[in-house]
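Observations on the model geometry
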Amino acid sequence: MSIEQVLKLSSAFSPSAPIDQATLFSGRIGQLTDVLNALNQKGQHAILFGERGVGKTSLARVLSRGFLIDGKPLPTATINCDPTMTFSGLWKKLLREVPINFQRQPAGFTGAAEVSQASLADYLPDPVTPDDVRHLLSKMGKILLVIDELDRIEDPSVASLLADTIKTLSDHAVDATVLLVGVADSVDTLINEHQSVERALVQVRMPRMSRIELFQIIDKGLSQAGMTSDTDARLKIAALSQGLPHYTHLLAQNAGQRAAGNDRTVVTIEDVRTAIDNALAKAQQSTVNAYHKATNSPRDNLYPQVLLACAMAKQDALGYFAAVDVRQPLCDIMGRAYDIPAFSQHLNKFCEISRGPVLQRTGTARRFRFRFVNPLLQPYVLMDGIRKSLISEAAIIG
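Scope of this entry: the structure provided in the associated data block.

The rules we used
Residues numbered from 1 in each chain as written. Predicted model: local features only at pLDDT ≥ 70, side-chain atom pairs only at ≥ 80, totals over all residues. Heavy atoms only, no water. Helix = DSSP H or I, 4+ residues; strand = E, 2+ residues; numbered from the N terminus. Buried < 20%, exposed > 50% of the residue type's maximum accessible area, 1.4 Å probe, protein only. Contact = heavy atoms within 4.5 Å. Pairing = 2+ DSSP bridges. Axes fitted to C-alpha atoms, helices over the stretch in contact; angles between N-to-C directions. Parallel < 35°, antiparallel > 145°, perpendicular 65-115°, else oblique. Left-handed = near helix turned anticlockwise from the far one by under 90°. Nonpolar A, V, L, I, M, F, W, Y, C, P; charged D, E, K, R; others polar. Salt bridge = Lys/Arg side-chain N within 4 Å of Asp/Glu carboxyl O. Expected span 1.5 Å × (residues − 1). 1 Å grid on protein atoms, 1.4 Å probe; cavity = no way out; pocket = protein on both sides within 12 Å on 5 of 7 lines; lining within 4 Å. Points joined across faces, edges and corners; volume = space filled by probe spheres on them. Polar contact = N/O pair within 3.5 Å; in protein donor to acceptor, adjacent residues only side chain to side chain.

From N to C terminus, the chain includes 17 helices and 14 strands. Dimensions of the chain, computed from C-alpha atoms along their principal axes, come out at roughly 90 × 55 × 35 Å. Burial statistics for the chain: of 398 residues in total, 48% are counted as buried. Nonlocal contacts in the chain, meaning residues at least 24 apart in sequence, comprise 72% of its contacts between residues at least 6 apart.

The next subject is helix H5 (residues 130–137). Considered for burial, the residues of H5 that qualify are Pro-130, Val-133, Arg-134, Leu-136 and Leu-137. Here the buried face of H5 lies against helix H4 (87–95), strand E7 (143–148), helix H6 (156–171) and strand E8 (176–182).

Overall, antiparallel pairing links the three strands, which are arranged E12-E14-E13 in an open sheet. Edge positions in the sheet fall to strand E12 (321–322) and strand E13 (359–362), since each has one partner strand and no second. Here E13 runs beside strand E14 (residues 369–372); their pairing, made up of four bridges, is antiparallel. Its bridge partner lying in E14, Gln-360 is registered against Arg-371.

To continue, consider the sheet that holds strand E9 (residues 201–205). The strand order E4-E7-E8-E1-E9 describes an open sheet built from five strands, whose pairing is parallel. Looking along the sheet, the strands with just one partner apiece sit at the ends: strand E4 (76–80) and E9. Shown here is a sheet whose adjacent strand axes are inclined to one another by a mean of 15 degrees, direction ignored. As paired elements, E4 and E7 share five bridges and run parallel to each other. Within E7, the residue paired with Thr-76 across the bridge is Leu-144. In the packing of helix H3 (residues 56–63) onto the sheet, contacts are made with strand E1 (45–49), E7 and E8, and the angle to E8 comes to roughly 160 degrees.

This part takes up the packing of helix H13 (residues 303–312) against helix H16 (residues 377–387). The interhelical angle for the contact between H13 and H16, taken along N-to-C directions, is 120 degrees, at an axis separation of 9 Å. Viewed along their axes, H13 and H16 adopt a mutual orientation that is oblique. As for the relative orientation of H13 and H16, their crossing is left-handed in sense. Contact residues: H13 offers Leu-307, Leu-308, Ala-311 and Met-312, while H16 offers Gln-378, Val-381, Leu-382 and Gly-385. Within the contact of H13 with H16, the residues separate by chemical class into six nonpolar, two polar and no charged.

The next subject is the pattern of salt bridges. All chains considered together, the criterion is met by 20 salt bridges. Note that Glu-4 and Lys-8 form a salt bridge whose closest N and O atoms lie 3.2 Å from each other. Of this pair, Glu-4 and Lys-8 both sit in helix H1 (residues 3–12), four residues apart, which is roughly one turn of that helix. What makes Lys-8 partly exposed here is its relative accessible area of 34%. One salt bridge connects Arg-234 with Asp-219, and the closest N-O pair in it is separated by 2.9 Å. Placement of the pair is Arg-234 in helix H9 (residues 231–241) and Asp-219 in helix H8 (residues 211–223), with a sequence separation of 15 residues. Owing to a relative accessible area of 33%, Asp-219 belongs among the partly exposed residues under this scheme. It is possible to trace a salt-bridge network through shared partners that takes in Lys-236, Glu-270, Arg-273 and Glu-393.

A few words now on H6. The terminal C-alpha atoms of H6, which comprises 16 residues, lie 23 Å apart, in line with the 22 Å expected from a rise of 1.5 Å per residue. The set of residues buried in H6 consists of Val-158, Ala-159, Leu-162, Ala-163, Thr-165, Ile-166, Lys-167, Thr-168, Leu-169 and Ser-170. Where H6 ends, the next residue or the one after it, Ala-173, has phi of about 50 degrees, a positive value.

Of the voids in this model, the second largest pocket is the one considered here, and its volume is about 350 Å³. Forming the walls of the second largest pocket are 22 residues, and the residues nearest its centre are Arg-208, Gln-242, Gly-243, Ala-313 and Gln-315. Looking at the lining of the second largest pocket, the elements with two or more residues in it are H8, H9, H13 and helix H17 (393–397). When its residues are assigned to classes, the lining of the second largest pocket shows 13 nonpolar, four polar and five charged.

Looking at the secondary structure, you find Asp-230 in the loop between strand E10 (228–229) and H9. Counting along the chain gives 46 residues from Asp-230 to Ile-276, while the straight-line C-alpha distance between them is 17 Å. Look past the residues within four positions of Asp-230 in its chain and what remains in contact with it is Val-266, Val-267, Thr-268 and Ile-269. Within polar-contact distance, the side chain of Asp-230 engages the backbone nitrogen of Ala-233 at 2.8 Å.

Looking now at the environment of Ala-12. Take Ala-12: it is sitting in helix H1. Judged by relative accessible area, which is 6%, Ala-12 ranks as buried. Between the C-alpha atom of Ala-12 and that of Ala-225, which follows or precedes it by 213 residues, the distance is 8.0 Å.

Moving on: the packing of H5 against H6. One way to put it is that H5 packs onto H6 with a least axis distance of 8 Å and a crossing angle of 35 degrees. Crossing of H5 over H6 shows right-handed handedness. Residues Pro-130, Asp-131, Val-133, Arg-134 and Leu-137 of H5 pack against Leu-161, Asp-164, Thr-165, Thr-168 and Leu-169 of H6. Residues that form the contact of H5 with H6 fall into these classes: five nonpolar, two polar and three charged.

Here is the structure:
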């Protein structure tokens, strides 16, 4: 067993925390370029949006580290929003991450100058207005300000004031870039609050990762430990991940460590099978609870199969699927024909608080579309289906 390889795999893959090293970041070149283009233009800002778990925070962290402007590190500040946050609280929390050093000459002009440190937040009034932010940032030069988890803010006035702030920063060509990170609803909220902000805000959608991008994660991570994987192992990890990098990191790390533990440098599909068992055993309790709440029923035992069919359903670019997309996977799982009325009530129940909700519904009757509230539940459901022999590995890999 190579302890060194096991340790390298522990650092090469990051299933529990966002990636913040450019050397380990894979894929997303198009999104990275779009944000960098906004960064290099005065008056341009960006919003990075997509489903939870697609890697938005990882991209934001890579952007906020290691970039040079005129040969100097780009000043950055990053915060995560929370439900209690106000507009004033947001900017004070964000700008306290920007230190300012200043010198104070002793009385009599003798002796060495004293160096003191403050933060940019110290120069904000209370309460803070959009123009206060504009005035302060206009004196700073180039800076990147990352506001993550924008969708967690509950105060509706914050979105309106943020839209006003971006508008005034753009109108005055202030050389600061605000990068907002959230879900698709965050874009709609901001633009609805201030239609003219749309021209100042580059909208960068983060879709789920392609298989090629997931392969890059696997190959780059394993190479850190001098390892590779065979084709079947790569395909299975990528297919089970469903475009969500968290599971790619988790499965590749566990499969790689199993191979290293057996003194092998090539990861096989048997290593991935063991990694699935480990992933299910170590799944977050919130995920396990959500699955149990959604599928447990003393009278109707079809809920697990319908949820599995939802996880297998063909999705659009925003993660939505229709009832018709669930029908064929359910027929394959059950081994007999099912019409939509036989499981439509299950889909609706998945959208109610009594079963989570685990699905979000949009549209109108007979045209409803659904998607997972927590996308990370989808790969868990697939792996559980394989473990329980409800579906075959081939059904997932395609």
